[in-house]
Amino acid sequence: MVKLTAWDWAFSIMPYNERWRTLRRHFHEHYTGPALLHYQPVQLQEVRGMLQDVLNNPTDTRRYIRRVPGATIIRVTYGARNETQTQEYIDLAEKALEAGKKMAIPGAFYAEAIPLLKYIPAWLPGGYARKFAAVYRPVLKQMIHKPYDEVKDAMASGRELPSVAYNLISQFQSDSEPTPEEDSITRDVTAMAYVGAVDTTTAAIEFAGYLETLRSFPITPLAVPHTVTEDDEYQGFRIPKDTTIIPNVWAMLNDPEDYPDPFSFKPERFVGDDGQINPAVRNPRDYLFGFGRRVCPGSEFAIALTELTVASLLHVFDIEAGADERGVPVSLTTERGNEAICYPETFPRVFKPRSVEAEKMIQALEHDQTLAD
Ligand code: HEM
């Protein structure tokens, strides 16, 4: 299914090979360490815009928060010119992700188990795999090429904005015909842009409530499946080559040996007797982002942006569950969707400025996202 829908472009799904190593190297250069400092203005703009939206329309907060990481990543990667263009790219990514999330459920497609089914035309019974691919493949193609082509067009007319795509294209562009290497950059840039969703600095996630939120609500509870490349053995279990391993991150984060009474939300579990974060308690970051050489390379980016988002919201708003459209009180739970990337089913509806000063401060925030045309 991954091939049929063109999702095999994504480097999170690629086998370990030369191309993956190249992508991982580029990614590291542009989305970790010192590079992140360049992106702080964009992150701030997006978070400030979000605070103003929340102030004006608090019941829609979920949507505004959700937009922040997507918009930040897209602006950093392609230098999108304004909110309309940013939203257009986000919509493409959301639609493509819809396919990814459906395909990631083991057993969702018979064609995975019976490969012959993938040859059955869309219009015949049993042609579901092809029908599905016919809907999503064009979306994937557009998501990969449209933003990239628009950066190139902007460069051709000298209107480009600073972006990762611009840096990479300049790095590879010769003044003659595009080289095969340059062509492959289209896919590389997209592969890096769309994989994840949140994050910014490596520094302190040193507050326990935040750690407890990461622990009790992993957005990728089964991480990403891996194929074992050679026969292996673990604690007496033989694991033959080509076995698919699905890491149960959710179980690790709810292991009562590491986190007693795991289903209760207890930030204090991370705090030692000295009032500091207790290093003896396992840090959820060690699992949440996967493992080994494939560990999420966007974690620094994600942590920084979530920290900024959480800290900004808590600084200016009092948050309450509130009531839904029919006036029924919302009961907040840890229920989540059952897709590979999952979100809270319930969400607070009341975001009240903590004071008149807080309200004025939000209104005065500068967050103009329209960049020179
Ligand atoms: C809270 C936010 C995030 C979570 C929980 C998360 C989680 C994960 C997990 C579990 C994996 C699979 C690791 C493995 O295979 O063992 C992964 C891979 C990946 N993530 Fe993230 N991620 C997040 C944010 C991001 C962001 C913001 C970016 C990009 C800026 C990103 C880029 C990637 C990439 C490129 C891979 C594939 C790496 C590879 O296969 O070599 N992630 N992520």
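Note that the coordinates shown come from a computational prediction; the quantities given were computed from them, not determined experimentally.

(A) Structural detail: the packing of helix α1 (residues 18-31) against helix α8 (residues 164-172). Where α1 meets α8, the axes come as close as 11 Å, and the angle between the chain directions of the two elements is 125°. Considering their axes alone, α1 and α8 lie oblique with respect to each other. Both α1 and α8 take part in a crossing whose hand is right-handed. On α8, the residues that touch His-26, Glu-29, His-30 and Tyr-31 of α1 are Val-164, Asn-167, Leu-168, Gln-171 and Phe-172. Of the residues assigned to the contact of α1 with α8, the class counts are four nonpolar, four polar and one charged.

(B) Quick look at the packing of aromatic side chains. Taken as a whole and assessed by the stated rule, the structure comprises twelve aromatic pairs. Judged by centre distance (4.6 Å) and plane angle (25°), the ring pair of Phe-27 and Tyr-31 falls under stacked. Linking Phe-27 with Tyr-31, this pair stays in helix α1, spanning four residues, or about one helical turn. Among the aromatic side chains, those forming a connected cluster through ring pairs are Phe-11, Phe-27, Tyr-31, Tyr-39 and Phe-301. In this structure, Arg-66 packs its charged tip against the face of Tyr-343, placed 4.4 Å from the ring centre. When the ring centre of Phe-217 is taken as origin, the NZ or CZ atom of Arg-336, which lies over that ring, is 4.2 Å away.

(C) Expanded view of the nonpolar core. In terms of nonpolar packing, the biggest core is built from 20 residues, with Met-1, Trp-7, Trp-9, Phe-132, Leu-140 and Met-143 touching the most fellow members. Counting residues per element, the ones that place at least two in this core are α5 (83-103) and α7 (128-156). By residue number, the principal contributor to this core is α7, which donates eight residues. Phe-11, Val-164, Leu-168 and Phe-301 belong to the second largest nonpolar core, which has 16 residues in total.

(D) Quick peek at the environment of Arg-269. The topology assignment puts Arg-269 in the loop between α11 (249-253) and α12 (285-288). Note on Arg-269: relative accessible area 12%, which makes it buried. Distance in space between the C-alpha atoms of Arg-269 and Asp-258 is 9.9 Å, their sequence separation being eleven residues. Apart from residues lying up to four places away in sequence, Arg-269 is in contact with Glu-212, Arg-215, Tyr-259, Pro-260, Asp-261, Pro-262, Ser-264 and Val-281. Polar side-chain contacts of Arg-269 include one of 2.9 Å to the backbone oxygen of Ser-264.

(E) Quick look at the confidence of the model for the protein. When the pLDDT values of the protein are averaged, the result is 83; 84% of them are 70 or greater. Long-range and interchain partners of residues 187-206, a stretch whose pLDDT sits below 50, account for 82 contacts in this model, where long-range means more than four residues apart.

(F) Spatial organisation of the UniProt feature "binding site: heme" (unreviewed entry) in the protein. With numbering aligned to this structure, UniProt lists the feature "binding site: heme" (unreviewed entry) at Cys-296. By secondary structure assignment, the location of Cys-296 is in the loop between α12 and α13 (299-316). You can call Cys-296 partly exposed: its relative accessible area is 28%.

(G) Focus on α7. Here α7 is 29 residues long and its end C-alpha atoms lie 42 Å apart, about the 42 Å a rise of 1.5 Å per residue gives. Helix geometry: α7 is bent most strongly at Ala-134, by close to 30°, with proline Pro-138 lying one to four residues after it.

(H) The pattern of salt bridges, seen in detail. In total, this model carries 17 salt bridges according to the counting rule given. The residue Arg-63 makes a salt bridge to Asp-60 at a minimum N-O spacing of 2.9 Å. With relative accessibility at 26%, the residue Asp-60 sits in the partly exposed group. The residue Arg-354 makes a salt bridge to Asp-318 at a minimum N-O spacing of 3.5 Å. Placement of the pair is Arg-354 in the loop between β6 (350-353) and α14 (356-364) and Asp-318 in strand β5 (residues 317-320), with a sequence separation of 36 residues.

(I) Expanded view of the side chain of Arg-215. Secondary-structure assignment places Arg-215 in helix α10 (residues 208-216). Looking at Arg-215, the relative accessible area reads 0%, which means it is buried. Within the local environment of Arg-215, its side chain forms a polar contact with the backbone oxygen of Pro-262, the two atoms lying 2.6 Å apart.

(J) How the structure looks around unusual backbone geometry. Its identity is not glycine, yet Gln-235 carries a phi of approximately 45°, on the positive side. Relative to the helices and strands, Gln-235 resides in the loop between β2 (232-234) and β3 (237-239). Its relative accessible area of 65% is what places Gln-235 among the exposed residues.

(K) Local environment of a negative patch on the surface. A surface patch of like charges, here negative, comprises Glu-230, Asp-231, Asp-232 and Glu-233. Counting through the fold element by element, Asp-231 comes out in the loop between β1 (226-227) and β2.

(L) Spotlight on α10. Of all nine residues in α10, seven are buried, a share of seventy percent or more. Restricting attention to buried positions, one finds in α10 the residues Ala-208, Tyr-210, Leu-211, Glu-212, Leu-214, Arg-215 and Ser-216. Buried residues along α10 sit in contact with α11, α12 and α13.

(M) Representation of the packing of α7 against α8 within the structure. Here α7 crosses α8 at 70°, and the two axes come no closer than 10 Å. Of the possible angle classes, the one that applies to α7 and α8 is roughly perpendicular. At the point where α7 passes α8, the crossing takes the right-handed sense. Only Ala-165, Tyr-166, Ile-169 and Ser-170 of α8 make contact with α7, whose side of the interface consists of Tyr-148, Val-151, Lys-152 and Met-155. Residue classes in the contact of α7 with α8 are distributed as six nonpolar, one polar and one charged.

Conventions and cut-offs
Residues numbered from 1 in each chain as written. Predicted model: local features only at pLDDT ≥ 70, side-chain atom pairs only at ≥ 80, totals over all residues. Heavy atoms only, no water. Axes fitted to C-alpha atoms, helices over the stretch in contact; angles between N-to-C directions. Helix = DSSP H or I, 4+ residues; strand = E, 2+ residues; numbered from the N terminus. Parallel < 35°, antiparallel > 145°, perpendicular 65-115°, else oblique. Left-handed = near helix turned anticlockwise from the far one by under 90°. Contact = heavy atoms within 4.5 Å. Nonpolar A, V, L, I, M, F, W, Y, C, P; charged D, E, K, R; others polar. Phe/Tyr/Trp six-rings, centres within 6.5 Å; stacked < 30°, edge-to-face > 60°. Lys NZ or Arg CZ within 6 Å of the ring centre and 35° of its normal. Core = buried A, V, L, I, M, F, W, Y, C linked by side-chain atoms within 4.5 Å. Buried < 20%, exposed > 50% of the residue type's maximum accessible area, 1.4 Å probe, protein only. Polar contact = N/O pair within 3.5 Å; in protein donor to acceptor, adjacent residues only side chain to side chain. pLDDT = per-residue confidence, 0-100. UniProt positions renumbered as here; feature names shortened; annotations may be inferred. Expected span 1.5 Å × (residues − 1). Bend = angle between axes of the 7 residues up to and from the residue. Salt bridge = Lys/Arg side-chain N within 4 Å of Asp/Glu carboxyl O. Patch = residues over 30% accessible without salt bridge, like charges linked within 9 Å, V, L, I, M, F, W, Y side chains within 5 Å. Areas by Shrake-Rupley, 256 points an atom, 1.4 Å probe, with all protein chains shown as cover. Lys, Arg positive; Asp, Glu negative; His and termini not counted. Charge placed at Lys NZ, Arg CZ, Asp CG, Glu CD.

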